[in-house]
Every structure is written in structure tokens, then in C-alpha cells.
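# Reading the structure
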Amino acid sequence: MSEASVPSVSVAQARELFFAQGRDPAPWIAPHISRSWQRSRPVDPQCIDPTPMAPSLLNERREQAMRLLSCAQPELDGLAEHAVGNGCIVALSDATGLILEEIGSPDFLPKAQRVALQPGVEWSESHRGTNAIGTALAERVALMVLGGEHYLAQNGRLGCAAAPIFSGRGELAGALDISGETARVNHHALGLVRMAAQQVEHRMLLAEASGHVLRFHARPALIGTAREGLMVIEGGRIVAANRVALDLFGRSWEGLLDLNAEEFLGAQWPRMEHRRSLLTLPGGRQIATVMERTGTANSGTGRTGARQAMAANAAPVDNDDVVRPLLARAVRVLNEGVPVLVNGETGSGKEVFSRRLHAASRRSAGPFVAVDCASLPETLIEAELFGYEEGAFTGARRKGMPGRIREAHGGVLFLDEIAEIPLALQTRLLRVLEGRVVTPLGGGQGVAVDFDLVCATHAGLPALVEAGRFRADLMYRVAGFTVALPALHERADRRALIARLFLESGGAAKHLCLENDALERLAAYRWPGNVRELRSVLRALVALADPGDAVSADALPAHLHDAAPIADFNEATASQPNAPLQTITRHAIDEALRACDHDVARAARRLGVHRSTVYRHLARQRPPAGNTKD
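On a predicted model such as this, the values are computed, not experimentally measured, just so you know. (Residues numbered from 1 in each chain as written. Predicted model: local features only at pLDDT ≥ 70, side-chain atom pairs only at ≥ 80, totals over all residues. Heavy atoms only, no water.)

## Let's talk about the overall build of the protein chain
Inclusion rule: Each helix is a run of H or I in the DSSP string that is no shorter than four residues. Each strand is a run of E no shorter than two, and both are numbered from the N terminus. A simple rule labels every residue: compare its accessible area, found with a 1.4 Å probe on the protein chains alone, to the largest value its type can have, and call it buried under 20%, exposed over 50%, or partly exposed in between. In this description, contact between two residues means that some pair of their heavy atoms is separated by no more than 4.5 Å. Where accessible areas are quoted, they stem from the Shrake-Rupley method and a 1.4 Å probe; at the residue level, only the protein chains shown are allowed to cover.
Looking only at helices and strands, one finds 27 helices and 19 strands in the protein chain. The buried share of the protein chain, taken over its 630 residues, is 52%. Within the protein chain, contacts between residues separated by at least 24 positions form 63% of all contacts whose residues are at least 6 apart in sequence. Here the protein chain has roughly 27400 Å² of accessible surface; of this, 51% comes from carbon and sulfur atoms.

## Some points on the packing of helix H4 (residues 66–85) against helix H8 (residues 187–208)
Selection criterion: Axis definition: a line fit to C-alpha positions, over the contact stretch in the case of helices; interaxial angles, taken between N-to-C directions, run 0 to 180 degrees. Working definition: roughly parallel below 35 degrees, roughly antiparallel above 145 degrees, roughly perpendicular at 65 to 115 degrees, and oblique for all remaining angles. Whether a crossing is left-handed or right-handed is set by the direction in which the near helix is turned from the far one by less than a right angle, anticlockwise for left-handed and clockwise for right-handed. Gly is put with the polar residues, along with every residue not named as nonpolar or charged; the nonpolar set is Ala, Val, Leu, Ile, Met, Phe, Trp, Tyr, Cys and Pro, and the charged set is Asp, Glu, Lys and Arg.
Where H4 meets H8, the axes come as close as 9 Å, and the angle between the chain directions of the two elements is 155 degrees. With respect to their mutual orientation, H4 and H8 come out roughly antiparallel. In terms of crossing hand, the pair formed by H4 and H8 is right-handed. Across the interface between the two elements, Arg67, Leu68, Cys71, Ala72, Pro74, Glu75, Leu79 and His82 from H4 touch His188, Ala189, Leu192, Val193, Ala196, Gln199, Val200, Arg203, Met204, Ala207 and Glu208 from H8. Across the contact of H4 with H8, the residue classes break down as 12 nonpolar, 3 polar and 4 charged.

## Side note on the packing of aromatic side chains
Defined as follows: Classification of ring pairs uses Phe, Tyr and Trp, with its six-membered ring standing for Trp, and accepts pairs whose centres are within 6.5 Å; under 30 degrees between planes counts as stacked, over 60 as edge-to-face, and the remaining range as tilted. As a reminder, the over-ring test applies to NZ of lysine and CZ of arginine, requiring each to be within 6 Å of the ring centre and within 35 degrees of the ring normal.
One pass over the structure, following the stated rule, counts 10 aromatic pairs. When the ring of phenylalanine 18 is compared with that of phenylalanine 19, the centres are 5.0 Å apart and the planes differ by 85 degrees; the resulting orientation is edge-to-face. According to the relative accessible area criterion, phenylalanine 18 is buried, its value standing at 3%. For phenylalanine 19, a relative accessible area of 30% corresponds to the partly exposed category. Here the aromatic rings of phenylalanine 216 and phenylalanine 249 are separated by 5.2 Å at their centres, their planes lie at 55 degrees, and the arrangement is tilted. Taken together, the residues span a long stretch of sequence, with phenylalanine 216 in strand E6 (residues 212–217) and phenylalanine 249 in helix H9 (residues 243–249) at a distance of 33 residues. Here phenylalanine 216 falls in the buried class, since its relative accessible area comes to 1%. The buried category is assigned to phenylalanine 249, whose relative accessible area is 15%. Three or more aromatic residues joined by ring pairs make a cluster, and in this case those are Phe18, Phe19, Trp37 and Tyr151. The lysine or arginine in question, arginine 436, covers the ring of phenylalanine 451, its NZ or CZ lying 4.3 Å from the ring centre.

## Concerning the pattern of salt bridges
The line we're drawing: By convention in these notes, a salt bridge is any Lys or Arg side-chain nitrogen within 4 Å of a carboxyl oxygen on Asp or Glu.
In total, this model carries 21 salt bridges according to the counting rule given. A salt bridge links glutamate 208 to arginine 67, with the nearest nitrogen and oxygen atoms 4.0 Å apart. One end of the pair, glutamate 208, is in helix H8; the other, arginine 67, is in helix H4, and 141 residues separate them in sequence. Here aspartate 473 ties to arginine 471 by a salt bridge, and the two come within 2.5 Å at their closest N and O atoms. Accessibility expressed as a relative area gives 33% for aspartate 473, which makes it partly exposed. Among the charged side chains, a network of salt bridges with common partners joins Arg35, Arg39, Glu125 and Glu139.

## What about the side chain of serine 361?
Within the element layout of this structure, serine 361 appears in the loop between helix H14 (350–360) and strand E12 (368–372). Overall, serine 361 belongs to the buried group, its relative accessible area being 5%.

## Quick notes on the nonpolar core
Note the threshold: Buried residues of nine kinds, namely Ala, Val, Leu, Ile, Met, Phe, Trp, Tyr and Cys, make up a nonpolar core once their side-chain atoms join them within 4.5 Å.
Formed by 33 residues in total, the largest nonpolar core has its most connected members in Leu68, Leu79, Leu92, Ile165, Leu176 and Val200. Counting only elements with at least two residues in this core, the list comes to H4, strand E1 (89–94), strand E4 (158–166), strand E5 (172–181) and H8. Ranked by residues supplied to this core, first place goes to H8 with 9 residues. Val371, Leu433, Cys455 and Met475 belong to the second-largest nonpolar core, a separate cluster that totals 32 residues.

## Concerning the pairing of strand E7 (residues 229–234)
Selection rule: Should DSSP find at least two bridges between two strands, the strands are taken to pair.
Burial analysis of E7 places 5 of its 6 residues in the buried class, the great majority of the element. Here 4 bridges tie E7 to strand E8 (residues 237–241), and the two strands are oriented antiparallel to one another. By the bridge assignment for E8, methionine 231 is matched with alanine 241. Taking the residues between adjacent antiparallel strands as the criterion, E7 and E8 are bridged by 2 residues, where glycine 235 takes a positive phi near 55 degrees.

## What to know about the sheet that holds E7
If you walk across this open sheet you meet the 5 strands as E8-E7-E6-E10-E9, and the pairing is antiparallel. The two strands at the open ends of the sheet, each matched to only one other strand, are E8 and strand E9 (277–280). Geometrically, the sheet is characterised by an average inter-axis angle of 40 degrees between neighbouring strands, direction not taken into account. Bridge count between E9 and strand E10 (residues 286–293): 4 bridges; the pairing is antiparallel. From the neighbouring strand, threonine 280 faces E10, where its bridge partner is glutamine 286. Contacts from H8 reach E6, E7 and E8, with the element oriented near 20 degrees to E7.

## Considering the confidence of the model for the protein chain
Detail in the predicted coordinates should be disregarded across regions flagged by low pLDDT. How we decide: Per-residue confidence from the predictor is reported as pLDDT, which spans 0 to 100.
Chain-level pLDDT for the protein chain is 81 on average; 82% of the residues reach the 70-or-more range. Ignoring residues within four places in sequence, the model shows residues 391–399, a span with pLDDT below 50, making 13 contacts including any to other chains.

## Some points on the packing of helix H20 (residues 494–507) against helix H21 (residues 516–524)
At their nearest, the axes of H20 and H21 sit 9 Å apart, and the two run at 120 degrees to each other. It follows that H20 is oblique to H21 by the angle criterion. For the crossing formed where H20 meets H21, the hand is right-handed. Facing H20, whose interface residues are Arg494, Arg495, Ile498 and Ala499, H21 presents Leu519, Glu520, Leu522 and Ala523.

## Comments concerning helix H7 (residues 132–139)
Formally: Polar contacts, as used here, are pairs of N or O atoms within 3.5 Å; protein pairs need one atom able to donate a hydrogen and one able to accept it. Residues neighboring in sequence count only if both atoms are side-chain atoms.
Burial within H7 is extensive, with 7 of its 8 residues counted as buried. Where H7 is concerned, the buried positions are Ala132, Ile133, Gly134, Thr135, Ala136, Leu137 and Glu139. Between a side-chain oxygen at the N-terminus of H7 and the backbone nitrogen of isoleucine 133 the separation is 3.1 Å; the capping residue is asparagine 131.

## Section: unusual backbone geometry
We note that tryptophan 527 has phi near 50 degrees; this positive angle belongs to a residue other than glycine. Under the relative-accessibility criterion, tryptophan 527 is labelled buried at 0%. In this model, asparagine 530 sits at a positive phi of 60 degrees, which is unusual for a non-glycine residue. Take asparagine 530: it is sitting in helix H22 (residues 530–544).

Below you can see the structure in the form of C-alpha cells.
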């Protein structure tokens, strides 16, 4: 164990006082740790690590937390990049502390499982004593628990940072956690989970809203981002708000919820619908706002309208020279009822493009219903798409659920990563797309639906059809018109884009300056994760910078310094300019492996990708017996 992971003298002294002498450890440890130890007294310090609950029970709990899982998946993916690179894992728990999902470093996952830090185990304080997940839920704040600060001695090698996730009414929904060896977890990790939790809360509030959603901020440029304030108004009363809104107004949930909207916001608030403007509050203060209607009460979908509200204010696509003509052509096609397939690398902005497509189409007044087919477990995707009747399966809602396809009636259905839909469900989906009638699970009457279809994928559907993993007739049905979005490293505007996203990621609020050497280094990187990866790096840079700092290239993550620049990559592939993306990618990985004497870790650093990407490439080079296809 490294020196940094050895409990400090003060923590060791606190453990001696508390566990051996039964005295107050408060002078020696942080207040939240002291309070947690006191709450954890009923837990046996010698308790045995529990075994995970049965998979069937865990699946039921995941079904009950379907909304949390769906909204947290993008943040789990984003945090996984940090976790894998730092030998850590990322965990998502529900409000009880039960771990629902876990992802991260293959090196640390076995160590986490040895202390029962894995899906199906509850990490509340009442079960595991002081720990980041349980204590963050109990204290309702983001915090770290390092080494010997854990109540149970067997967890003394862990370092953990966790942030609670709240609903729009201040109820706990779950927690996000980064865990690893104590030396690996620091304030940077804490900042990342805190920002990720805010993103999840933003996504959940919009997904669950019904009535009117008021989006606002003192800085107009932040409206439409996760840093905006959100307030939901139903029947003239404020029924939900995010923590950004509470901070901007200096209120608590208790002091804001159920207030009369006109008394709090002034008589002009209903006039803000579908336009950006300044709203003058009763006290004379002005804030930049835009207000969206999420749909009528009898539509049966609060989240549908919230998706529509997000579409109207989605961040614009930046590369106008390339994207604007693509968007104009896609709008014309979609308006004729022809399905549009958006193809592009992971993180290249397929959903942003699709939201703009909806906003510019004939269906702009209708809902935009997005389904991430890759983030939903196979056991849940059928119920999510087609809905279900009461009692259709264990854990089903008492009154059933209409399903996302029915919610898209009158608008646009967006199926993200459609290639991930299980083969068994593709036939049923094709039947719905052909007949425009959806029948829920558990039987019941078929319901006619009318919507336009937009799908997205980073995979090549023809190759999947050839491999027998995607139905050819479904491919022809969803790919009426294909839009190919450029990768970030192919965009001529990437310097301007990076500069703007740096400001939007908090650089403007902290009065930061991005130095030219940092900008050039960022622009020269190949960004295998595209805009999503870029945003993650920029958020980390902002989190680590002090107000007023000038951020230079020295502050950039190490992998950006080690990676070969775009020019080197282009030289390696210049001899095959018309080669498919898959071929170019394979060539680049092979070249990096040769240059690094087939050292996978060094090759991954050189390419700026995770080792798992290189391992998957090597696995594809060894096809299973009897199958010569890729």
C-alpha cells in the first residue's frame, strides 16, 4: 500500500479514541466523518462483507430505478473515461445506497468486488457504516471518505468520492461514486462526480416535467446547458426546481415549492413562452429566461414535453459549413415522412443534430421522444418502447405505462444507437413502423400512432446485416436518408468550437483564459470520443482552475501531451484516403502497436484511447472457429 493510502496519524488517533476507548473523535477528523461514525455505531465493526442480491431481485430494483439509470448512463460513460485512466471504478446507487451499475478499470474491479463494492450490494450507512455513497446520502452533500475514515476496517484501503442525486422536489434519487485506492481519489474526482450529479438532475427534471418549464440564468449563454436554473410550474404553482435554481434565488426546496408562480415570478411569466427574454421579478431583479410548455395533461407524458423543451434550446451545431446543408436536406426528407438515419462516431453530436432536425421540421410543435437503445438493459427495452399493461411483469407500475412510441405521437421518435436493439425485438419494431399501431406488453388494444422517425448509430448497419445481427428489412425501413456527421478531428472550426465550449463549461463564469498553447494542443488532439470527450476534459480543466487563471498547456491531462497529433494520423492514412473508417481505424491501431513494440498500454496512450479499445481490436483479429467474417 502506498504512503498516500496509509491512514494519517490524525485518523489513526481518531480510530483509537472511538473504537478502542469509546471517546469522541471529533477533534481529529472531519465533522462529516465524526457524525457518520456516531450514526454507524449499530453496525458491527467486524461484520462480514455481504454477498450481492440475486440477479432477479437486482433486475427488479433496476426496473424501479429505470428513470435514474437512463438519465445517468451518459454520465457513467463520461466518468468511466476518468476512472479507467486512473485505476478506479464508477458506481451508481439508488436512494437506499444499493449499487445498480458499476463500470471502470479492469484492474480495480476485482479489488472492489473483494470488499463487496459491486452491483446488488447496499452501501447505506446502516449496512456498511461510514462510506462515500451512504454518507453522501445521509449528509445530502458531495464528499470524500478516504482510507481509515471508513467505519469498517476492511474498507481502509479504499478512497471514495460521491455526490447525491436529487429529484426536482428535493428527494434523494441516488448517488454517483468514484472509488479506487486511496491515493487515486482526490478533490478532482470529487469535482467530477459533483458535476456529473448536476447533469443527471438536469436530465431527470426535464424528463419528468409536466406543465411549464422555466429555464433561466443570470448569464443568457448558459440557458440550454446543465448549468441553467430549471423550475416546473403546474396549475400556477411551482412544483419542482433544480439546485441551480435554488442557488440563483437563494432558496431551499422547502422555501420555494408550492409557491404561487405569479407572486414569486411576477405576472409576466406566462408571456415568456417559446422566446428568450428578460423577466423582471417582483423585487426588480431581472433574469434571462425562456419558458416551454411540456404538453397537455391528457397526453399522458410529462417527459415527452420536456424533451420537446430541450429540443428548442439544444446547443447549436457549430460547423455551419458542413452541418447546415446536411440539416436542410434532412429536414426536407423528414417532412415528406421519410425516416432519417444519422451516422457518426460516438460523441460527434448525433442527438444534438436530431434535436435541431425536429425543431426545424413540420413536427416541431409535437414532442421529441429520445430512446437510448444502448443504455437500456435488454430486459427493459421492450417495456420502454412498447409500454405495458397493469401487472405485465414484476415491478410494473400499477396503472401500466404507455411506452415511448406512443409518447411520440404527433412528433418525432428518436432511436439512438438503433444497432443495439436486440434481434428478437427488431421484428416487432418493424411491424410497428410499418403498421403504425403499437400493442403494449400484457395484451390490450392496439393503439394507432403517427410520428416521424429519426435514428442514430455509430455502427455500419450493412456490416451488421451481413453478420446477421441486424435485420435487412429493418435497415431499409429506418435508413430512408442517411446523414454522415463529421468527427471532431475532421472539423475545420474546431479551434473556435473548443474556445466556445471552454467558456460554456464554466470558463466564463470563473473568468478563465485559455492560452494559445493549450488551445493548439487541444485542437491537435484526435479526440476519439469527439465532442463528448472534449466537454469532459474542458469541465475538468475548469474545475481544477482557480478564478481568473490563465489555463496553459501544462494544465492539460497527460494523455493529450503523449498522443500523436492529427497530422501524424493523417500521414499514416494518406495512402488510403477513400478507405472506410473501420479500415483507417484498424490501420492506425496496428501502426501504434508496431511503434510501441506491441505494448498495449503505450499504444493506447499514443492513440489517445483506452486500453480496452486496443484489446477489442486484437480480439477481432482472432475470429472464432468457423467464422471468417469480421
